[in-house]
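Analysis of the macromolecular model
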Amino acid sequence: SGDDGEEKEPEKVVTPVISPKGGTFLNEASVTITTETDGAVIKYTTDESEPGADSKIYDSAITITATTIIKAKAFKDGMTESDTVTETFTIEKEALEKIEITKQPTKTSYYLGDTTLDITGLEVTGTYNNGSSKLETVSLSNITGFDTITSGEKTLTITLSEKTATFKVTVV
């Protein structure tokens, strides 16, 4: 056979692997990129452009905090560059959907001129967009409407992350 003189096609760099695979993540994703080709340099983009000589070099895990498309390609001298791998990471921010008072404060009755609101015993539960709920930390700075200048029933408003809940106290 007369093909001994033909140049062999250079070996191709192994296509990088982006881990984890793309998908929907809460708040952030930590992404690693690897290739099985020793000594290959991985370059990546986050602007949907094709990775090339001027792209960022991957050297440590990438933290993604907003929806991002990562494209990665591996390069090594003397070898054909790898295929491009693409993964889309959708980031959903944990968001408070509503708050509700799950336990009234122990003290709900005040005298005219009392200056300190006592929220001991008050429990507020927040419900989030991912279906979870948890007890929220409430301080006096989250509460408006406390006034003991006049007597009667007072509605106090708790505000957390723009969500509100109300409870009543009586001033006598």
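Residues numbered from 1 in each chain as written. Predicted model: local features only at pLDDT ≥ 70, side-chain atom pairs only at ≥ 80, totals over all residues. Heavy atoms only, no water.

Glancing now at the pattern of salt bridges. Evaluated as defined, the whole model comprises 7 salt bridges. Across the salt bridge formed by Lys12 and Asp83, the nearest N and O atoms sit 2.6 Å from each other. Pair noted here: Lys12 is in the segment before strand S1 (17-19) and Asp83 is in the loop between strand S7 (68-75) and strand S8 (85-92), with a separation of 71 residues, a long-range link. A relative accessible area of 45% places Lys12 in the partly exposed class. Glu123 serves as the salt-bridge partner of Lys103, at 3.6 Å between the closest nitrogen and oxygen. Pair noted here: Lys103 is in strand S9 (residues 96-103) and Glu123 is in strand S11 (residues 123-128), with a separation of 20 residues, a long-range link. Overall, Lys103 belongs to the partly exposed group, its relative accessible area being 45%. Among the charged side chains, a network of salt bridges with common partners joins Glu50, Lys73 and Glu81. (Salt bridge = Lys/Arg side-chain N within 4 Å of Asp/Glu carboxyl O. Helix = DSSP H or I, 4+ residues; strand = E, 2+ residues; numbered from the N terminus. Buried < 20%, exposed > 50% of the residue type's maximum accessible area, 1.4 Å probe, protein only.)

Moving on, we come to the sheet that holds S7. One open sheet accounts for 5 strands, arranged S2-S8-S7-S4-S5; its pairing is mixed. Lying at the two open borders of the sheet, with one neighbouring strand each, are strand S2 (23-26) and strand S5 (56-57). Sheet topology note: the strand S4 (residues 41-45)/S5 ladder contains 2 bridges and is antiparallel. Of the residues in S5, the one forming a bridge with Lys43 is Ile57. (Pairing = 2+ DSSP bridges.)

For the rest of this paragraph, the subject is the environment of Thr106. Summarising the element assignment, Thr106 is placed in the loop between S9 and strand S10 (109-110). Distance in space between the C-alpha atoms of Thr106 and Asn130 is 31 Å, their sequence separation being 24 residues.

The subject of this paragraph is the environment of Glu50. Structurally, Glu50 is set in the loop between S4 and S5. Separated by 36 residues in the primary sequence, Glu50 and Thr86 place their C-alpha atoms 9.7 Å from one another. Not counting residues within four places of it along the chain, the set of residues in contact with Glu50 comprises Thr45, Ser55, Lys71, Lys73 and Thr84. Only 3.5 Å separates the side chain of Glu50 from the side chain of Lys73, close enough to count as a polar contact. (Contact = heavy atoms within 4.5 Å. Polar contact = N/O pair within 3.5 Å; in protein donor to acceptor, adjacent residues only side chain to side chain.)

Following the criterion strictly, the structure yields 3 aromatic pairs and no others. Arranged with centres 5.6 Å apart and planes meeting at 35°, the rings of Phe25 and Phe89 form a pair that is tilted. Residue Phe25 is located in strand S2, and its partner Phe89 is located in strand S8; the two are separated by 64 residues in the primary sequence. Consider the rings of Tyr44 and Tyr58, whose centres lie 6.4 Å apart with planes at 75°: the pair is edge-to-face. On the criterion of sequence distance, the pair formed by Tyr44 in strand S4 and Tyr58 in the loop between S5 and strand S6 (62-64) is long-range, its members being 14 residues apart. Summarising the burial analysis for this pair, Tyr44 and Tyr58 share the class buried. (Phe/Tyr/Trp six-rings, centres within 6.5 Å; stacked < 30°, edge-to-face > 60°.)

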